[in-house]
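# Structure assessment
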Amino acid sequence: MSQGAHRYISNLTKDTYALILAGGRGSRLHELTDWRAKPAVFFGGKFRIIDFPLSNCINSGIRRVGIATQYKSHSLIRHVNRGWGHFKKELSESVEILPASQRYGNDWYSGTADAVFQNMDIIRAEKPKYVMILSGDHVYRMDYGDLLAKHLENGADMTVCCIEVPTEEAAGQFGVMTVDTDNRVKRFDEKPAQPNEIPGKPGQCLASMGNYVFNTEFLFEQLEKDATRETSDRDFGNDIIPSIIDDHQVFAFPFSDPDSDKQPYWRDVGTLDSFWEANMELVTPEPQLDLYDSSWPIWTYQEQLPPAKFIFDNDVRRGMAVDSTVSGGCIISGSTIRKSLLFSNVHVHSFSTVEESVILPGANIGENCQLRRTIVDSNCELPAGLIVGHDAEQDIANGFRVSPKGITLITSDMLKRMAEKQAKAAPELVAELAPKTTPELV
């Protein structure tokens, strides 16, 4: 890219304010979001999902960012304050948290468009030429500078980021666009049961990534109009986009890899199966999402922890990990880890085996446990001898959740209920089976 092009894009990013919508419940993740919003869910061994759009902003040169929060936002706010609170307002840098605060009425955020509408005064004070609306619950790496440049070159009022997705995957889950040869949006259907296919690509559709660019004044005009419509759901996909595509310049921006024909990495880790699969991809020899790429780092908050420790090496017990990712603070004590991802401060005690599993921070796995294809929530205390992932019916009987693809979720609440149930049958086991801690790292 020429120096002039770099300067062109850097001016665009300086004139842009990014608002990340991070209030989502993530109900399809079930108990994994009982105590946290979806953007606060752990991912990749040491990150949270919110770190990806935030890192994309910073790496793209966008240094004015707001984060709209709502559902069970404590852990999300705490994480952002710890990991992203070092920006200097006097240098026109800021990452600010914008909780629902009833600025324009008595309601909390009632939709994606309403979340922006209720923060218009804050955005207006920043005086940006462009406003970028970003989903806070997807995992991907993207240079937003290219998106902004295309928005300006098209003379667009609004630009919608999109990606090719199988129609079966998009049905009922994503907004789907129909575009002309110039990528101008001609139709937008929010979560249709039967998405329109891309011409010449049967089985594929153009799905919205939930990322938008607006000219600032145009955005404010549309939000104010929408606020007066009694039948509106106050949502970009349901209301704003369909109302403007006929009379205004609305373009799609296909998210593509300019250097190859491969589909760029983008994951909506909105189900237990997709969450497990996306984390498991990271332990393969050459994952599509390269977290070791120093040219596009993913920033986060992390504790100062000692290195992972593997102890005991004899025929009786051996601490080892194969084809796995193990984070700082972990202790693998005479146990075996295979094709698994362990977050910080996980302790696996002797004679245990963990296979194809995602173990979230602070989990403590007792002796002689056998785990396969599991997700263990943060700070879980697994009792000695627990076997999970080998018998789905037994896992369900123990109170664990088994996904459609056979992934078993374990949380502290589930373990507590299992211990109580077993204690009724054998009261003498109360002390042994009861969890010793409550969730802290939500």
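Here, every reference points to the structure presented above.
Report on the accompanying structure. No experiment lies behind these values; they were computed from the predicted model shown.

Attention shifts here to the sheet that holds strand 20 (residues 347-348). Ordered by their spatial adjacency, five strands build an open sheet running 14-17-20-23-26, and the pairing between neighbours is parallel. A single partner strand is all that each edge strand has here, and the edge strands are strand 14 (309-311) and strand 26 (381-382). Here strand 20 runs beside strand 23 (residues 364-365); their pairing, made up of two bridges, is parallel. Each residue of the ladder has a partner; that of His347, found in strand 23, is Asn364.

Looking now at the side chain of Arg234. Structurally, Arg234 is set in the loop between helix 8 (216-227) and helix 9 (236-244). For the buried Arg234, which has no salt bridge, the nearest side chain bearing the opposite charge is Asp226, at an N-O separation of 4.0 Å. Among the polar contacts listed, one links the side chain of Arg234 to the backbone oxygen of Ala227, at a separation of 3.1 Å. Side-chain polar atoms of Arg234 contact the backbone oxygen of Arg229, separated by 2.8 Å. Those residues in contact with Arg234, other than ones at most four positions away along the chain, are Ser110, Gly111, Thr112, Ala113, Asp114, Asp226, Ala227, Arg229 and Asp239.

With that settled, consider helix 3 (residues 74-84). Listed in full, the buried residues belonging to helix 3 are Ser75, Leu76, His79, Val80, Gly83 and Trp84. For helix 3, the angular spread of buried residues about the axis comes to 130 degrees, placing them on one side. Along helix 3, exposed side chains directed more than 90 degrees from the buried face belong to His74 and Asn81. In this fold, the buried residues of helix 3 make contact with strand 3 (47-48), helix 2 (51-60), strand 4 (64-69) and strand 5 (94-99).

This brings us to the packing of aromatic side chains. In the structure shown here, the tally under the stated rule is nine aromatic pairs. Geometrically, the ring pair formed by Tyr212 and Phe236 is tilted, given 5.2 Å between the ring centres and 50 degrees between the ring planes. Separated by 24 residues along the polypeptide, Tyr212 in strand 11 (residues 204-215) and Phe236 in helix 9 bring together distant segments of the chain. On the basis of relative accessibility, which here comes to 0%, the residue Phe236 falls in the buried class. Seen in terms of ring centroids, Phe214 and Phe218 are 6.4 Å apart; in terms of plane orientation they differ by 25 degrees. Their pairing is stacked. For Phe214, a relative accessible area of 0% translates into the label buried.

Each value, and the rule that gives it
- Residues numbered from 1 in each chain as written.
- Predicted model: local features only at pLDDT ≥ 70, side-chain atom pairs only at ≥ 80, totals over all residues.
- Heavy atoms only, no water.
- Pairing = 2+ DSSP bridges.
- Helix = DSSP H or I, 4+ residues; strand = E, 2+ residues; numbered from the N terminus.
- Buried < 20%, exposed > 50% of the residue type's maximum accessible area, 1.4 Å probe, protein only.
- Lys, Arg positive; Asp, Glu negative; His and termini not counted.
- Salt bridge = Lys/Arg side-chain N within 4 Å of Asp/Glu carboxyl O.
- Polar contact = N/O pair within 3.5 Å; in protein donor to acceptor, adjacent residues only side chain to side chain.
- Contact = heavy atoms within 4.5 Å.
- Arc of directions from axis to C-beta.
- Phe/Tyr/Trp six-rings, centres within 6.5 Å; stacked < 30°, edge-to-face > 60°.

Just geometry here; none of it tells us what the structure is for.
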